[in-house]
Amino acid sequence: MRDFQEDYNVFQSALEIPEPWYVFHHELAKKEKTLHIYIEYRRGAEFSCPNCGAPGCKVHDIQDQDRTWRHLDFWQYQTILHARMPRVKCESCGKIRTVIIDWARPGGGFSTLFEYHVLSLMVEMPVAAVARKVGEHDTRLWRVFKHYVEKAVENIDVSKVKSVAMDETSRSKGHKYVTLFVDMDTKRVIFVTPGKGADVLQQFCQFLDSKGVPRSQIKDFCCDMSPSFIAGIERKFPEASITFDKFHVMKLVNEALDKVRKQEQATQPELKNSRYVWLKNEENLTESQLDKFGKLKDMDLATGRAYRMKLSLQKMFTRSALVSEMYFDEWYDWAIRSQLEPMIKLAQSLKNHKDGILKWFETKMTNGLLEGINSLVQAAKRKARGYRTPDNFIAMIYATVNKLDLIMES
Ligand SMILES: [Zn+2]
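Residues numbered from 1 in each chain as written. Predicted model: local features only at pLDDT ≥ 70, side-chain atom pairs only at ≥ 80, totals over all residues. Heavy atoms only, no water.

Side note on the coordination of the zinc ion
- All of the protein donors around the zinc ion are Cys49 (SG), Cys52 (SG), Cys90 (SG) and Cys93 (SG); their distances to the metal are 2.3 to 2.4 Å.
- For the zinc ion, the four donor atoms are set out with angles of 105 to 117° between them, so the coordination reads as tetrahedral.
- For Cys93, a relative accessible area of 28% translates into the label partly exposed. (Donors = N, O, S within 2.8 Å, 3.2 Å for Na, K, Ca; no water. Tetrahedral: all angles 85-135°; square planar, octahedral: opposite > 155°, others 65-115°. Buried < 20%, exposed > 50% of the residue type's maximum accessible area, 1.4 Å probe, protein only.)

So this is what it looks like as structure tokens:
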């Protein structure tokens, strides 16, 4: 004969239900493919007070209705835990409260183990796929996900942050953005907020305030030449210096160079299809591109001159800090007299940002790190597809970029 008691013990230990709770009944609803497991507490059991923690509280009354939690599937069966929750009356604080249980968070409809399962899936695959796989609405899954991410984010140590790189990244079509703040020393994303205007600095201030980090602790920012970033930093962090990302500077040079090429192409058809010949570094050109480049280089082209200006500015970043300012000024004089409209405009803009560009020679800060992070963000975007709210997307960024340890009970 089967020993039913033993049966329950198996459930009990597999479920990790601690005393005084035990499994007293289970029921297989074959049609619904559901296993119902009923849990109750031993008669006379005492609980600690959910309010003040005092041990040895006696049960005051019991709720009429079962509470239920979805648990890990039992083979092909969805598993539902059922329990009627007792309330205790505390002798110490006098409150009457529903007891706290170990297998689930208060208010949640999932057991903790089920939540961990969902989390591990959500960092691996698109949320829509997870929702299909476990048969739950994605809104509920996001709620779980955000709960654990928020907890993990709270634990990120920002007490020593002093150098911050910031950059915006698109979160969907239609020009919606989030701005990321990265601690340059720990290389962690410490803050993400919707938008890319000057107010993101205000948000960052509030974040630092909430962490008890004085604003004056932030000595350096690295960002692109976005006027709103600059205005925000100057307003909110007047003591901090700004280093403009040199990759961004080079991107602007490439854009100006490409404009020159496009203009000249009207009179010089040889320039057609030569865009990448000028934009890529010479050592990265394919054989046929090299061929083309060799021919074009020897012609007396405006594009060729703009190209040499680009190389020259690139070279500046290999020079010593000592000569950097002189180098920049000479480059500026050359570009401003080039009679190439796009290069003149660029030179003016770079001159207006000269301090921040040359600051690199001191801080060596770039947003190169953020380029790598950005590719992870794009992966997060794919996983968060249909993420519904920016909050969900931001939670996914924190989790995947920082490789957060989400399952960290406090
Ligand atoms: Zn109490």
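There is more to say after this.
A look at helix α7 (residues 246–265)
- When the terminal C-alpha atoms of α7 are compared, their 28 Å separation across 20 residues agrees well with the 28 Å that a helix rising 1.5 Å per residue should span.
- Where burial is concerned, most of α7 is hidden: 14 out of the 20 residues are buried. (Helix = DSSP H or I, 4+ residues; strand = E, 2+ residues; numbered from the N terminus. Expected span 1.5 Å × (residues − 1).)

Some words on the packing of aromatic side chains
- According to the stated counting rule, one finds 24 aromatic pairs in the structure shown.
- For the pair Phe181 and Phe204, a centre-to-centre distance of 4.3 Å together with 10° between the ring planes defines the contact as stacked. Residue Phe181 is located in strand β7 (residues 176–183), and its partner Phe204 is located in helix α5 (residues 199–210); the two are separated by 23 residues in the primary sequence.
- Residue class for Phe204 comes out buried when judged on its relative accessible area of 0%.
- A connected cluster of aromatic rings, assembled from ring pairs, spans Phe181, Phe191, Phe204, Phe207, Phe221 and Phe237.
- A cation sits over an aromatic face here: Lys196 above Tyr177, 4.2 Å from the ring centre.
- Above the ring of Trp360, the side-chain terminus of Lys364 is found at 4.9 Å from the ring centroid. (Phe/Tyr/Trp six-rings, centres within 6.5 Å; stacked < 30°, edge-to-face > 60°. Lys NZ or Arg CZ within 6 Å of the ring centre and 35° of its normal.)

Quick word on the nonpolar core
- By size, the foremost hydrophobic cluster in this structure holds 105 residues, and its most contacted members are Phe204, Phe221, Phe237 and Met343.
- When near neighbours in sequence (up to four residues on either side) are disregarded, Phe221 contacts Val164, Met166, Leu201, Phe204, Ile233, Phe237, Ala240, Ser241, Ile242, Thr243 and Met365.
- Within the second largest apolar cluster, 25 residues are counted, among which are Phe11, Cys57, Ile101 and Trp103. (Core = buried A, V, L, I, M, F, W, Y, C linked by side-chain atoms within 4.5 Å. Contact = heavy atoms within 4.5 Å.)

Topic: a nonpolar patch on the surface
- Together, Leu322, Val323 and Met326 make up a nonpolar patch on the protein surface, roughly 340 Å² of accessible area in all.
- Of note, Leu322 is situated in helix α11 (residues 321–336).
- Leu322 gets classed as exposed once you look at its relative accessible area, which sits at 83%. (Patch = residues over 30% accessible without salt bridge, like charges linked within 9 Å, V, L, I, M, F, W, Y side chains within 5 Å. Areas by Shrake-Rupley, 256 points an atom, 1.4 Å probe, with all protein chains shown as cover. Salt bridge = Lys/Arg side-chain N within 4 Å of Asp/Glu carboxyl O.)

That is the geometry; function is a separate question.
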